[in-house]
Amino acid sequence: MLFARREKEKLQPLEEHLKNVYIYSKRIAEINKIDVEEEVLKLLAFLHDVGKADKKWQSSFPKVEKYPHALLGLPLAYAFLKKNNIEEELKFLILSIILSHHRGLKKGMYEGKYANLNANYAEEIFDILRKAKIEIERNDVNNLLLERKYDGAKWKEKPLTCLDIQQKCIDFLERLKKEEMLEFREKFWKLQGILVEADFLDVKMWEESLSEENVFQQFYFPSFHKLIESKQPKGKYEWQKSCLECSYKYIIIPMPTGTGKTEASLFWASRVPTKRLFYVLPVTFAINAMFKRFQSYFKNVGIYHHWADVFLREEDTEQLDSYLYFKTMISSVQVTTPDQIILSFLQWKKWTVKLLSFLNSTFIFDEIHVYDPLLFSHFRLLIEKLKKEFNANICIITATFPFRLREFKEMENFIVLPRDWEKYYERKFGKISYIKEKIEDWLNANKNKLREEWKNKKILIVVNTVKKAQDLYELLKELSPMLLHARFILGDRIKKEKDVLNEKPRILIATQIVEVSLDIDYDILLTEICPLDSLIQRMGRVNRNRDREGEIFVFYTEDWNPYEKKVFERAKEYIEKSVVNKKSDKELLDVFQKYYGEISSLFTKKYEEAKRTWEMFSTDVYSFSIDESSLKGLLREIKVINIPVIPQIFEECAHRLKDEARKLWNQYKEFLNKKAKKKALEKEIEIRKLVVEVPIFRLKDSTVKFDKDLKFFVANLKYDTQVGLKGVDIENVL
């Protein structure tokens, strides 16, 4: 018998896997309303893993790394398609999908050591295919692979190798004209998305011994029953009824902080056809918090950002088993960043199955005012795609939505809820004072005020750079403040984020990291001058429910980093002349709209840059490759490039963890022990917890090396568990 996969003594027959993928493919195509011939789905399902029927693959099973089954399956698939005179586009569509169903399609993706790789199929695979009415014999394969080749001296008839067929796929793609390629691309991502998702669901079903219905319930059509049962729109949240009663496809919720925007958006999502729900936030801290919040509302919640696996390791190791599904965004509810959504359209990492997941789904974009001009330009292009090509439902929620943005064509057809939203901005938040003094000087002179006069007050201090936050922490150390910023190693950072939410410290010193979607509430805010949208977000952490008198003190600073200088200088003028003495959300919103009108040209300038990126990376079928640190500069305006580094004081610990992980991986390969695999992954995550993001300019003064075993840079950096990375004098927080 031929086998598809194994775990310890548990084996899945290849025939069972191929049949299941076919059944699930048909159901996935139906759910996604994709009009595709059933015969095409059958060919993809039964041919995608025929490489596993190769005798070399089966005899080395389960240690099959040196025999890529996607490549080994090409000769049989090619021979069948050729025998049946399948038209050229469909033939190479199927072959390209099979070739790349585990690895992104690239030119020369398999080369070198695979030059002479040929398939030798077990007889049983022909019986399996025959039962599925896919008629092909061994002799057919041998004969149909014979083609004339020129060896440099004369023409000879030779059998095509696996790499020859790979090259035929690439040659076909290179011949396509632009319009032909765009049509081919749409067919490619939809069909490969169906295949890969069906493949994943069968793995899930087999590993956990689940029924087909159980799996489809987990991954499709989220239930809002627990949410609606536990959260009723009444009292101060009565306005949420407008969302619970609305089934319009495109809405904006421009409500102030602390009014229940998140639940309102979910009420709306419960009323529109929702295959999958994507809740999108720009900051990982907020995503982690929202993921935990959503677990009380939904059964199957996924999370994905560039260190989500580390967060899951700290929160719930059982969730790590589902991380593959989180990364491919096929959970019924997914919390993620705008970057991950946009990168899927730019063909990065499993992009075909992600695009399929977006089709006919619901998107809630929270805190878009935090987007810089470049990211907002990408967001405009994303909205246009989702509306025109993906039949998506879209909600934008924000406390400071700049209404000038509704002039952009992508924002057409959006309605605003509630209709009487402006009256909710009449709430009084307290008093704003502008102090023409640096925050560190004022605090040094007023420590006793914090100690005595404000001893029963909760105080939030927000500054613009890590260096300033660290200095203030040292200055106020005797008052036992908590410090939070982005320059801690991941393990410390996750712990501190949890402490902020759980312990709610009396004095919290932080950077911009606390601005977005955090349910924290303070009595007093001390902040440096910053752009007005950031200021309003910081103010949203004070007197959150507008049920008492809050106090905001804005301090002078001449350092505009990490912001755009023009934006910072304009904000400074507004704060000095227009913001001081404002007492209601409405007064502030009016100032913000005027301010935004003056800087909106920055947003239009970046649109063409973003458009060029989309045209460069989303007009063919090749996967886009780029390292994590470079990605940020592609989508966001980054003044300083950060790279992940392990401080030298943790190097020995990292190597010990690596050795332990290596032993566990060997156990897994030898015995297919799933527990060993899980423990190995956990050890590797423990290594990642020792990593800190470092501005590249900081490394020039340090002893730095790239450790090939750890696959991270190691640098002689000063690090303290309480303070974080020392010596950082510029910051790009997000």
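Residues numbered from 1 in each chain as written. Predicted model: local features only at pLDDT ≥ 70, side-chain atom pairs only at ≥ 80, totals over all residues. Heavy atoms only, no water.

Let's talk about the nonpolar core
Right, on to step 1. Ranked by size, the top nonpolar core spans 225 residues in total, and within it Leu 76, Ile 125, Leu 173, Phe 294, Phe 365, Leu 508 and Leu 532 carry the most contacts.
Right, on to step 2. By residue number, the principal contributor to this core is helix H10 (residues 178-208), which donates 13 residues.
Right, on to step 3. With residues up to four places along the chain from it excluded, the contact list for Phe 365 reads Val 280, Tyr 371, Phe 379, Leu 382, Ile 383, Leu 386, Ile 394, Cys 395, Ile 396 and Ile 397.
Right, on to step 4. Val 463, Phe 488, Phe 650 and Leu 717 belong to the second largest nonpolar core, which has 44 residues in total. (Core = buried A, V, L, I, M, F, W, Y, C linked by side-chain atoms within 4.5 Å. Buried < 20%, exposed > 50% of the residue type's maximum accessible area, 1.4 Å probe, protein only. Helix = DSSP H or I, 4+ residues; strand = E, 2+ residues; numbered from the N terminus. Contact = heavy atoms within 4.5 Å.)

Comments concerning the sheet that holds strand S14 (residues 482-484)
Right, on to step 1. Strand order in this open sheet of 6 strands is S12-S17-S16-S13-S15-S14, and the pairing throughout is parallel. Either end of the sheet is taken by a strand with one partner, and the two such strands are strand S12 (430-435) and S14. Across the sheet, the axes of successive neighbouring strands diverge by a mean angle of 15°, strand direction being ignored.
Right, on to step 2. Relative to strand S17 (residues 550-555), strand S16 (residues 524-528) runs parallel, the two sharing 5 bridges. (Pairing = 2+ DSSP bridges. Axes fitted to C-alpha atoms, helices over the stretch in contact; angles between N-to-C directions.)

A look at unusual backbone geometry
Right, on to step 1. Here the residue pair Leu 417 and Pro 418 is connected by a cis peptide bond, since its omega of -5° sits within 30 degrees of zero.
Right, on to step 2. Residue position: Pro 418 is located in the loop between strand S11 (415-416) and S12.
Right, on to step 3. Of note, the bond from Asn 561 into Pro 562 is cis; its omega dihedral lies within 30 degrees of zero at 10°.
Right, on to step 4. Along the chain, the position of Pro 562 falls in the loop between S17 and helix H26 (565-579).
Right, on to step 5. The phi torsion at Met 329 lies on the positive side, around 60°, for a residue other than glycine.
Right, on to step 6. Within the secondary structure, Met 329 is located in the loop between helix H17 (323-327) and strand S8 (333-336).
Right, on to step 7. Backbone geometry at Asn 391 places phi at a positive 50°, although glycine is not the residue there.
Right, on to step 8. Relative to the helices and strands, Asn 391 resides in the loop between helix H20 (373-389) and strand S10 (393-397).
Right, on to step 9. Owing to a relative accessible area of 38%, Asn 391 belongs among the partly exposed residues under this scheme.

Thoughts on helix H15 (residues 284-294)
Right, on to step 1. Most of H15 is tucked away, with 9 of its 11 residues classed as buried.
Right, on to step 2. Listed in full, the buried residues belonging to H15 are Thr 284, Phe 285, Ala 286, Ile 287, Asn 288, Ala 289, Met 290, Phe 291 and Phe 294.

Side note on the pairing of S8
Walk down a regular strand and you will see the side chains alternate between the two sheet faces.
Right, on to step 1. Along S8, one buried face is formed by Val 333 and Val 335 and the opposite face, lined by Gln 334 and Thr 336, is buried too.
Right, on to step 2. Across 4 bridges, strand S6 (residues 277-280) lies against S8 in parallel orientation. Bridge pairing links Tyr 279 to Val 335 in S8.
Right, on to step 3. Across 4 bridges, the pairing between strand S7 (residues 301-304) and S8 is parallel. Each residue of the ladder has a partner; that of Ile 303, found in S8, is Val 335.

Section: the pairing of strand S18 (residues 642-647)
Right, on to step 1. Most of S18 sits inside the fold, with 5 of its 6 residues counted as buried.
Right, on to step 2. Pairing analysis gives 4 bridges linking S18 to strand S19 (residues 692-695), with the strands arranged antiparallel. Directly across from Ile 643, in S19, lies its bridge partner Val 694.
Right, on to step 3. Bridge count between S18 and strand S21 (residues 712-715): 3 bridges; the pairing is parallel. Bridging from a neighbouring strand, Ile 646 pairs with Val 714 of S21.

Brief notes about the sheet that holds S18
Right, on to step 1. Taken together, the 4 strands give an open sheet; going across it, the order is S19-S18-S21-S20, and neighbouring strands pair in mixed fashion. Looking at which strands have only one partner, the edges of the open sheet turn out to be S19 and strand S20 (704-707). Taken pair by pair, the neighbouring strands of this sheet meet at an average axis angle of 50°, ignoring direction.

Topic: the packing of helix H1 (residues 14-31) against helix H7 (residues 124-131)
Right, on to step 1. For the pair H1 and H7, the least separation of the axes is 11 Å and the interaxial angle reads 30°. With respect to H7, the axis of H1 lies roughly parallel. Taken as a pair, H1 and H7 cross one another with a handedness that is right-handed. Facing Leu 14, Glu 15 and Leu 18 of H1, the residues of H7 in contact are Ile 125, Ile 128 and Lys 131. (Parallel < 35°, antiparallel > 145°, perpendicular 65-115°, else oblique. Left-handed = near helix turned anticlockwise from the far one by under 90°.)

Looking at a nonpolar patch on the surface
Right, on to step 1. On the surface, Val 704, Phe 706 and Phe 713 cluster together into a nonpolar patch covering about 250 Å² of accessible area.
Right, on to step 2. Inspection of the secondary structure assignment puts Phe 706 in strand S20.
Right, on to step 3. The partly exposed category is assigned to Phe 706, whose relative accessible area is 45%. (Patch = residues over 30% accessible without salt bridge, like charges linked within 9 Å, V, L, I, M, F, W, Y side chains within 5 Å. Areas by Shrake-Rupley, 256 points an atom, 1.4 Å probe, with all protein chains shown as cover. Salt bridge = Lys/Arg side-chain N within 4 Å of Asp/Glu carboxyl O.)

Focus: the side chain of Thr 613
Right, on to step 1. Turning to its location among the elements, Thr 613 is positioned in helix H29 (residues 607-617).
Right, on to step 2. Sequence-distant contacts of Thr 613, that is, excluding residues within four places in its chain, are made with Leu 346, His 378 and Leu 634.

Description of the packing of H20 against H29
Right, on to step 1. For the pair H20 and H29, the least separation of the axes is 8 Å and the interaxial angle reads 55°. Here H20 lies oblique to H29, going by the angle between them. Here H20 runs over H29; the crossing is right-handed. Residue-level contacts link Leu 374, Ser 377, His 378, Arg 380, Leu 381, Leu 382, Glu 384 and Lys 385 of H20 to Tyr 607, Glu 609, Ala 610, Lys 611, Thr 613 and Trp 614 of H29.
Right, on to step 2. Looking at the contact of H20 with H29, its residues break down into 6 nonpolar, 3 polar and 5 charged. (Nonpolar A, V, L, I, M, F, W, Y, C, P; charged D, E, K, R; others polar.)

What about helix H2 (residues 38-47)?
Right, on to step 1. For H2, a buried count of 8 out of 10 residues is recorded, marking the element as mostly surrounded by other parts of the structure.
Right, on to step 2. Among all positions of H2, only Val 40, Leu 41, Lys 42, Leu 43, Leu 44, Ala 45, Phe 46 and Leu 47 are buried.
Right, on to step 3. Here the buried face of H2 lies against H1, helix H5 (74-83), helix H6 (88-99), H7 and H10.

Focus: the packing of aromatic side chains
Right, on to step 1. Enumeration according to the criterion identifies 40 aromatic pairs in this entry.
Right, on to step 2. Taken together, the aromatic side chains of Trp 189, Phe 278, Phe 345, Phe 358, Phe 363, Phe 365, Tyr 371, Phe 376, Phe 379, Phe 390 and Trp 614 make up a single cluster linked through ring pairs.
Right, on to step 3. Sitting above the plane of the Phe 216 ring, Arg 27 keeps its charged end 4.2 Å from the centroid. (Phe/Tyr/Trp six-rings, centres within 6.5 Å; stacked < 30°, edge-to-face > 60°. Lys NZ or Arg CZ within 6 Å of the ring centre and 35° of its normal.)

Let's talk about the environment of Phe 126
Right, on to step 1. Relative to the helices and strands, Phe 126 resides in helix H7.
Right, on to step 2. Judged by its relative accessible area of 0%, Phe 126 is buried.
Right, on to step 3. In sequence terms Phe 126 and Ile 136 are 10 residues apart; their C-alpha atoms lie 6.6 Å from each other.
Right, on to step 4. Those residues in contact with Phe 126 that lie beyond four places of it in its chain are Leu 76, Tyr 121, Ile 136, Glu 137, Arg 138 and Val 141.

A short note on the confidence of the model for the protein chain
Right, on to step 1. Confidence in the prediction for the protein chain averages 89 pLDDT; 95% of positions are at 70 or higher.
Right, on to step 2. Here residues 729-734 is a poorly scored stretch, pLDDT under 50, and it has 26 contacts once near neighbours within four places are set aside; other chains count. (pLDDT = per-residue confidence, 0-100.)

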